[in-house]
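# Examination of the molecular architecture
So the chains spell out like this:
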Amino acid sequence: MTPEQLNAFVDGELDLAGQLQAERDPALHAPAAQLRELSRLVRSQADYHRAPDALRERLRRCAAAATAPPAAARRRRWSAWQAGGASAFATALLAVGLHLALAPDDGRRLQDEAVASHVRASLSQRSIDVASSDQHTVKPWLSARLDYSPPVQHPQAAGAVLVGGRVDALAGRPVAVLVYRLRQHEVDVFVWPAGDRPPPAVAAAQRGFNLAGSTGDGMAWLAVSDVNAGELSRLVRVLAGTDGAAR
Amino acid sequence: MDDDETRRRFEHVALPHLDAAYNLARWLTRNDQDAQDVVQEACLRAMRYFASFRGDQARPWLLTIVRHTCYAWLRENRPAELVHFDDEAGPPEAAAPPGDEPHEHAVRRADRAQLNQAIAALPIDFREVLVLRELEDLPYRDIARIADIPLGTVMSRLSRARALLRVALQPEARPRTAVLRAVRRGEAP
């Protein structure tokens, strides 16, 4: 086996027959383990450079202002921005903070993204990364992929049945999605630490989908589905533990 | 398309992948300020190219633009860094033999700073496939699309990137950074 093939094997990029054959070859165990160790080292130790908040905010502003302006105009605006100097920078940072905490359209953006995630997941038929109705399977799977541990306490709630989970991005942050089935409808329930960002409006409708939010158990909960608003609100209240009713 | 729609689409499509965009730009330019400039420029381009976006695979799509912008930027500002290596050459001469136990310990002991330094010192062709694979966890076919190279070249570059990294992490090899002979793109080896 060539070094290229060995790397492809370790990356799971050989075809199925090739992967199986390589797994059965005892001569490959040691070199494959070496490569995996190196890969693990890079993944766990190398710097992952996250985008600075100032850049994120600048791009939001640019996006608002720029519909393909000529290059010269763009450069001018950018230098004007830079010329603003330290105080403008500090103001911008403050504005980002306030924006995240207060801006009325922030909740709306969260809703947009949640609906987009729900639609994308249904269209791609990959709405579930871990398929299980067992909360003891879904919870550790999610916890291993997030920097928090989402509560998964109800395999059944308000007539809905847990069918699995996935991780998706909401407002640029990876969050847990619990996937429930309520009759024939799929319900995505996004769960993230309530301290990070409050959940949006309690109930809303968008593009034909209903949304319901709640806060409970230290988490923000946001459910998206095409089931009716009443049932969705009830489900999210049960999950968040803000409904005293029977489960 | 009106401004509001452009903004909304941009925020939906590009901003969730901003960290990936910045990480790639930062590893390619090896400088915070340059990476910010490049990502900003790339995102402005991305907004103009929305028509070419088919609504799927937003991350590879954005990273393709970021990578292209990085190379254009480096060509203009730091052309010396765009030294390419011959993909057809054999594996790096110092690839560790399999089962080399003392070497494995050395790799495990390598600390964060050494590792970051060793990756930063890789020639850009190898650095980019390694970053896309290990830090972005992208499949080979996405890496091929982003780096604009055939799948076979992804395989050979990744294999050589890891071999170079392994060598660079050996204590006795650390002072050496250039293991391969530099060959300008298009030149005979």
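Residues numbered from 1 in each chain as written. Chains lettered and ligands numbered in written order. Predicted model: local features only at pLDDT ≥ 70, side-chain atom pairs only at ≥ 80, totals over all residues.

## What to know about the overall build of chain A
This is how it is decided: Comment: elements are numbered from the N terminus, with helices defined as DSSP H or I runs of at least four residues and strands as E runs of at least two. Contact criterion: two residues are in contact if their C-beta atoms, reconstructed from the backbone, are within 7 Å.
Scanning chain A from terminus to terminus reveals nine helices and eight strands. The long-range fraction of contacts in chain A, counting pairs at least 24 apart against all pairs at least 6 apart in sequence, stands at 53%.

## A short note on the confidence of the model for chain B
Residue and element names in this part refer to chain B. Condition: Values of pLDDT, the confidence the predictor places in each residue, fall between 0 and 100.
Within chain B, residue pLDDT values average 79, and 70% of them lie at 70 or more. Under a pLDDT of 50 for its full length, residues 90–101 has, in the predicted model, 19 contacts with residues more than four places off or in other chains. Across the whole predicted complex the pTM is 0.54, and at the interface the ipTM reaches 0.80.

## So, helix H1 (residues 3–10) of chain A
We count it as follows: Partly exposed residues are those whose C-beta has more than 12 but fewer than 20 other C-beta atoms within 10 Å; with 20 or more the residue is buried, with 12 or fewer it is exposed, and the C-beta atoms are placed from the backbone.
In terms of residue burial, H1(A) counts as a mostly covered element, since six of its eight residues are buried. Looking only at H1(A), the buried set comprises Pro3(A), Leu6(A), Asn7(A), Ala8(A), Phe9(A) and Val10(A). Buried residues belonging to H1(A) abut helix H2 (16–24) and helix H3 (29–45) of chain A together with helix H9 (151–168) of chain B. Note on H1(A): the residue one or two positions beyond its end, Gly12(A), has a positive phi of about 65°.

## Examining the interface of chain B and chain A
Condition: Gly counts as polar in this scheme, as do all residues outside two lists: the nonpolar Ala, Val, Leu, Ile, Met, Phe, Trp, Tyr, Cys and Pro, and the charged Asp, Glu, Lys and Arg.
Between chain B and chain A, the residue contacts involve 41 residues of the former and 42 residues of the latter. Among the secondary structure elements, those contributing two or more residues to the side of chain B that touches chain A are helix H1 (3–13), helix H2 (18–29), helix H3 (32–48), helix H5 (101–109), helix H6 (112–120), helix H7 (124–135) and H9 of chain B. When residues in the side of chain B that touches chain A are grouped by element, the largest group, eight residues, is from H9(B). Considered class by class, the residues forming the side of chain B that touches chain A number 20 nonpolar, nine polar and twelve charged.

## Notes on the environment of Leu165(B)
Topologically, Leu165(B) is positioned in helix H9. Separated by 38 residues in the primary sequence, Leu165(B) and Arg127(B) have C-alpha atoms spaced 9.6 Å apart. The contacts of Leu165(B), once residues within four sequence positions are left out, are Leu38(A), Ala118(B), Ile119(B) and Leu122(B).

## Things to note about the confidence of the model for chain A
All names here are of chain A. With 78% of its residues at a pLDDT of 70 or more, chain A has an overall mean of 78. Highest mean pLDDT in chain A belongs to H1 (94); lowest belongs to helix H6 (residues 85–102) (43). Contacts of residues 67–104 to residues separated by more than four positions or lying in other chains number 16 contacts, the stretch itself having pLDDT below 50.

## Some details on the packing of H7(B) against helix H8 (residues 140–147) of chain B
Residues and elements named next belong to chain B. The following threshold applies: Here, axes are lines fitted to C-alpha atoms. For helices the fit covers the stretch in contact, and angles between N-to-C directions go from 0 to 180 degrees. With respect to orientation, any angle under 35 degrees is reported as roughly parallel, any angle over 145 as roughly antiparallel, any angle of 65 to 115 as roughly perpendicular, and every other angle as oblique. Two helices crossing with the near one rotated counterclockwise from the far one by less than a right angle form a left-handed crossing, whereas a clockwise rotation gives a right-handed crossing.
Contact geometry for H7 and H8: axes closest at 10 Å, N-to-C directions at 140°. Our classification of the angle between H7 and H8 gives oblique. Here the hand of the crossing between H7 and H8 comes out right-handed. Between H7, through Glu128, Val129, Leu132 and Arg133, and H8, the contact on the second element is made entirely by Ile143, Ile146 and Ala147. Split into classes, the residues belonging to the contact of H7 with H8 amount to five nonpolar, no polar and two charged.

## A few points about the packing of H2(B) against H7(B)
Helix packing geometry: the angle between the two helix axes and the distance between the axes. All names here are of chain B. Here H2 crosses H7 at 155°, and the two axes come no closer than 10 Å. The angle between H2 and H7 falls in the class roughly antiparallel. For the element pair H2 and H7, the recorded crossing hand is right-handed. Between H2, through Asn23, Leu24, Trp27 and Leu28, and H7, the contact on the second element is made entirely by Ile124, Arg127, Glu128, Val131 and Leu135.

## Considering the pairing of strand E3 (residues 160–170) of chain A
Residue and element names in this part refer to chain A. The condition that has to hold: Two strands are counted as paired when DSSP detects at least two bridges linking them.
Summarising the sheet, strand E1 (residues 130–131) and E3 pair through two bridges and their orientation is antiparallel. Paired with Ala131 across the strands is Gly164, a residue of E3. The antiparallel hairpin formed by strand E2 (residues 156–157) and E3 contains two residues in its connecting segment, where Ala158 sits at a positive phi of about 50°. Hairpin geometry of E3 and strand E4 (residues 173–182) is characterised by an intervening segment of two residues between the two adjacent antiparallel strands and by a positive phi of about 55° at Ala171.

## Focus: the pairing of strand E5 (residues 185–193) of chain A
Residue and element names in this part refer to chain A. One ladder, built from seven bridges, connects E4 with E5; its direction is antiparallel. In the sheet register, Leu182 faces E5, and the bridge partner there is His185. Hairpin connection of E4 to E5: two residues between the antiparallel strands, including Arg183 at a positive phi of 50°. For E5 and strand E8 (residues 219–225), the ladder comprises seven bridges, and the chain directions are antiparallel. When the sheet's bridge partners are listed, Asp188 is paired in E8 with Val224.

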